[in-house]
Amino acid sequence: MLFSSACCLIPLLFFSFTDAGRTLMKIKERVRNLQLQKAKQHLLTHTVSGRQPLKHVKEGRIHQQLDHFNRQDLSTFPQRFFVNDAYWQRLDGPVFLFIGGEGPIFEFDVLAGHHVDMAEENGALLLALEHRFYGDSINADGLKTENLADLSSQQALADLAVFHQYISQSFNLSHRNTWISFGGSYSGALSAWFRGKFPHLVYGAVASSAPVKATLDFSAYSNSVGLSLMNEAVGGSEKCLTGVRDAFAAVEALMSRNVSQVAVDFGCCQIPKDLDDQIELMQNLADIIMGTVQYNEEGVLMSINDICGVMTNKSEAYEGEMEAYNRLVKLAQIYHSTGEEPCLDISHERTVKELMNTSVHSGRRAERQWTYQTCTEFGFYQTCEDTTCPFSGMVTLRSQAELCSILFGISQHSLPGRIAFTNAYYGGDNPHTHRVLYVNGGVDPWRELSVVQEWTEEGEEAQTIFIKDAAHCADMLSGRVTDCRLLKKAREEIKKHVVSWLKMAAREKMEKRKV
């Protein structure tokens, strides 16, 4: 059977994995789960008003080739997708495609979000396609290194092209149907690249917080976090940034003298006696602050204002040279109090062991697959060797990239060439794409690898939206009363672009018919 009814919402696990760091991934899990709750509230509102979009959602599978570029290899894997036709009013209506990224897709992706709101207003058919090797779209052979050879963004784009043809046949679509693609973070980059590589299939693309420039040493991420900690508009200050710097310096200093005390203070599951565990600790402490900045005011953990309040509040009885250290301890305590982990796991050996898990069952976690893609295509290693980094210089490029050789036998020396190929293939942060809307937030560190201002070959400014004080992918959510004015305005601008594309496509089709 092609489709099956989606009768319930599955708990959402991950929002985006474009980072290393175990704690940061857990923060993202909280973000995704919070979005589930908001989606449920959204659906309840529709149900009360007499509309029941959930009944229109169907789940399906398409058998995709494992290797689209080898015509002699006929091996396939089942790729999952969702369809929501609740708002589709006419056969020649538009098609809105939500592209899955480095994690599972869910019914949520065709039921809630700004792209769904726009689909309702424009009578669009809603689709969501899961990325190969993530969620339930995994080859039955598992996630062994030799099987991961078919995991790449290029193969993912070919999947989208085949899916386009498959859906067109299933729903009797034609050139009269205008396709618009949507995505955020890595899937935002895929949205832009899909339009760039297959312009005859998708008329326009929205790319939110899209890191289209592959970068091996992404030191700019930490630098950007530091700038946000100083941003007074979101509750930051120079004093806050200084406090964070001093705190991490103090942790390093104490760890060299009394590592057991550090383990007790930060609630570690084990004493970080060797260097690898100490690096894990420093990365996880940095993650608490990095995750807060990346998802500022999402209501999951803290906001930048909350962090800076702890790091600068004079009412706290912290004195002497350990003042900043104790404030960081308090931040870690706040993090633990809002989660379910009894302690902070800083075992590097356990991290490697989890990443070595090649079973299909492990697929929903997605860390192994995404680590493979960072090693083969993107890099994105958030290092702290730059003098502008507010965290620990122990987090180096070597400490992160060595996982490539440990897990997959990929030499660290080969990484620069792999990154260079990705940027040559897609164009980096100057992709010369047409009818792609790049949306970025001023608080989001990933804006450093996106297109914030681009010029077309004709010398005209490209389509970009910059939301001064917004965080990662904030524009993709449905509007809330608490949203700032600039975020509300940005969503209106996104809507105007999408509507203008639909009108433009309709005019072009009318002119062709006249000819």
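Residues numbered from 1 in each chain as written. Predicted model: local features only at pLDDT ≥ 70, side-chain atom pairs only at ≥ 80, totals over all residues. Heavy atoms only, no water.

S.K.: Got a minute to help me understand the overall build of the protein in this structure?
M.R.: Helices and strands together make up the secondary structure of the protein, namely 15 helices and 11 strands. Burial analysis of the protein (515 residues in total) assigns 59% to the buried set. Considering only contacts in the protein between residues 6 or more positions apart, those separated by 24 or more positions represent 74%. Looking at the protein as shown, the accessible area adds up to about 21,400 Å², and 51% of this sits on carbon and sulfur atoms. (Helix = DSSP H or I, 4+ residues; strand = E, 2+ residues; numbered from the N terminus. Buried < 20%, exposed > 50% of the residue type's maximum accessible area, 1.4 Å probe, protein only. Contact = heavy atoms within 4.5 Å. Areas by Shrake-Rupley, 256 points an atom, 1.4 Å probe, with all protein chains shown as cover.)

S.K.: Sorry if this is basic, but what is going on with the packing of aromatic side chains here?
M.R.: All chains considered together, the criterion is met by 22 aromatic pairs. Ring centres of phenylalanine 248 and phenylalanine 391 lie 5.2 Å apart, and the angle between their planes is 70°; this geometry places the pair in the edge-to-face category. Here phenylalanine 391 lies in the loop between strand E9 (379-381) and helix H13 (397-408) and phenylalanine 248 lies in helix H6 (residues 238-257), a separation of 143 residues in the sequence. Judged by relative accessible area, which is 9%, phenylalanine 391 ranks as buried. Three or more aromatic residues link up through ring pairs in this structure, and these residues are Tyr186, Trp193, Phe218, Tyr221, Trp370, Phe378, Phe380, Phe421, Tyr425, Tyr426 and Trp446. (Phe/Tyr/Trp six-rings, centres within 6.5 Å; stacked < 30°, edge-to-face > 60°.)

S.K.: How should the state of the cysteines be read in this particular structure?
M.R.: Here is the idea: a disulfide is a covalent bond, and it sits between the sulfur atoms of two cysteines. For the coordinates displayed, the defined rule picks out four disulfides. The disulfide that involves cysteine 240 links it to cysteine 308, with 2.1 Å between the sulfurs. The sign of the -75° torsion about the S-S bond sets the cysteine 240-cysteine 308 disulfide as left-handed. Of the two residues, cysteine 240 is situated in helix H6 and cysteine 308 in helix H9 (residues 304-312); the sequence distance between them amounts to 68 residues. The burial state of cysteine 240 is the same as that of cysteine 308; both residues are buried. Residue pairing for cysteine 375: its cysteine sulfur links by disulfide to cysteine 404, the two sulfurs lying 2.1 Å apart. Taking the torsion about the S-S bond as the criterion, the cysteine 375 to cysteine 404 disulfide, at about -90°, is left-handed. Here cysteine 375, found in helix H12 (residues 367-378), pairs with cysteine 404, found in helix H13; they are 29 residues apart in sequence, far enough to count as distant. With a relative accessible area of 0%, cysteine 404 lands in the buried category. Assigning the bonded cysteines of the protein consecutive numbers by sequence position, one obtains the connectivity 1-3, 2-4, 5-8, 6-7. (Disulfide = S-S within 2.5 Å.)

S.K.: For this particular structure, what's the right way to read unusual backbone geometry?
M.R.: Residues apart from glycine generally show negative phi values, whereas peptide bonds are mostly found in trans. The backbone of serine 185 shows a phi angle near 65°, a positive value even though the residue is not glycine. Mapped onto the elements, serine 185 comes out in the loop between strand E6 (179-184) and helix H4 (186-197). Located in the positive-phi region is histidine 432, a residue other than glycine, with phi close to 55°. Topologically, histidine 432 is positioned in the loop between helix H14 (415-426) and strand E10 (436-441). Given the relative accessible area of 39%, histidine 432 is considered partly exposed.

S.K.: Explanation requested: the pattern of salt bridges in the structure shown.
M.R.: Side-chain pairs of opposite charge can arise where the charged atoms are in close proximity. One pass over the structure, following the stated rule, counts 15 salt bridges. In this structure, arginine 350 and aspartate 345 form a salt bridge, with 3.0 Å as the shortest nitrogen-oxygen distance. Overall, arginine 350 belongs to the partly exposed group, its relative accessible area being 39%. Of the charged contacts in the structure, one is a salt bridge between glutamate 448 and arginine 447, with a shortest N-O distance of 3.7 Å. Take glutamate 448: its relative accessible area is 32%, and that puts it in the partly exposed class. Look at arginine 447 and you get buried, because its relative accessible area is 13%. Put simply, Glu59, Arg61, Arg80, Glu130 and Asp136 are held in one network by salt bridges that share partners. (Salt bridge = Lys/Arg side-chain N within 4 Å of Asp/Glu carboxyl O.)

S.K.: What is the right way to read helix H2 (residues 114-122) from this model?
M.R.: Residues spaced three or four apart along an α-helix point in a common direction, a consequence of the helix completing one turn every 3.6 residues. Of all nine residues that make up H2, seven are buried, and the element is covered over most of its length. Every buried residue belonging to H2 is among His114, His115, Val116, Asp117, Met118, Ala119 and Asn122, and all of these are buried.

S.K.: Where do I start with the environment of tyrosine 438 in this structure?
M.R.: Relative to the elements of secondary structure, tyrosine 438 occurs in strand E10. A sequence separation of 228 residues divides tyrosine 438 from alanine 210, and the C-alpha atoms of the two residues are 7.3 Å apart.

S.K.: What exactly am I supposed to notice about helix H5 (residues 219-230) here?
M.R.: Here H5 contains 12 residues, and its C-alpha end-to-end distance of 18 Å stays within 8% of the 16 Å for a straight helix at 1.5 Å per residue. What H5 keeps buried is the set Ser219, Tyr221, Ser222, Ser224, Val225, Gly226, Ser228 and Leu229. (Expected span 1.5 Å × (residues − 1).)

S.K.: I'm lost on empty space enclosed by the protein in this one. Help?
M.R.: The probe, sized like a water molecule, is rolled over the atoms to show the empty space still left. Enumeration according to the criterion identifies six cavities of 30 Å³ or more in this entry. Considering only enclosed or pocket space, the second largest cavity measures out at about 80 Å³ in volume. Lining the second largest cavity are His114, His115, Met118, Phe182, Gly183, Val206, Ser208, Asp475, Met476 and Ile494. Broken down by secondary-structure element, the contributors of at least two residues to the lining of the second largest cavity are H2, E6 and strand E7 (204-208). Among the elements that make up the lining of the second largest cavity, the one with the highest residue count is H2 (three residues). Considering only residue class, the lining of the second largest cavity consists of five nonpolar, four polar and one charged. (1 Å grid on protein atoms, 1.4 Å probe; cavity = no way out; pocket = protein on both sides within 12 Å on 5 of 7 lines; lining within 4 Å. Points joined across faces, edges and corners; volume = space filled by probe spheres on them. Nonpolar A, V, L, I, M, F, W, Y, C, P; charged D, E, K, R; others polar.)

S.K.: It is not clear to me how the packing of helix H8 (residues 275-294) against helix H10 (residues 323-337) should be interpreted in this structure. Could you clarify?
M.R.: Axis separation between H8 and H10 bottoms out at 11 Å; the angle between their running directions is 75°. As summarised for this structure, H8 and H10 are arranged roughly perpendicular, according to the angle between their axes. Counting all contacts with H8, which are made through Leu285, Ile288 and Ile289, the residues of H10 involved are Leu328, Leu331, Ala332 and Tyr335. Counted by class, the contact of H8 with H10 contains seven nonpolar, no polar and no charged residues. (Axes fitted to C-alpha atoms, helices over the stretch in contact; angles between N-to-C directions. Parallel < 35°, antiparallel > 145°, perpendicular 65-115°, else oblique.)

S.K.: Would you mind showing me how to read the nonpolar core here?
M.R.: Generally speaking, a soluble globular protein has its nonpolar side chains buried in company with each other. Leu229, Phe266, Ile289 and Phe391 are the most contacted members of the largest nonpolar core, which has 114 residues in total. Each residue touching leucine 229, except ones within four places of it in the same chain, is listed here: Gly236, Ser237, Cys240, Leu241, Val244, Ile289, Val293, Ile304, Ile307 and Cys308. In terms of nonpolar packing, the next biggest core, distinct from the first, is built from 34 residues, Phe96, Phe182, Leu437 and Ile467 among them. (Core = buried A, V, L, I, M, F, W, Y, C linked by side-chain atoms within 4.5 Å.)

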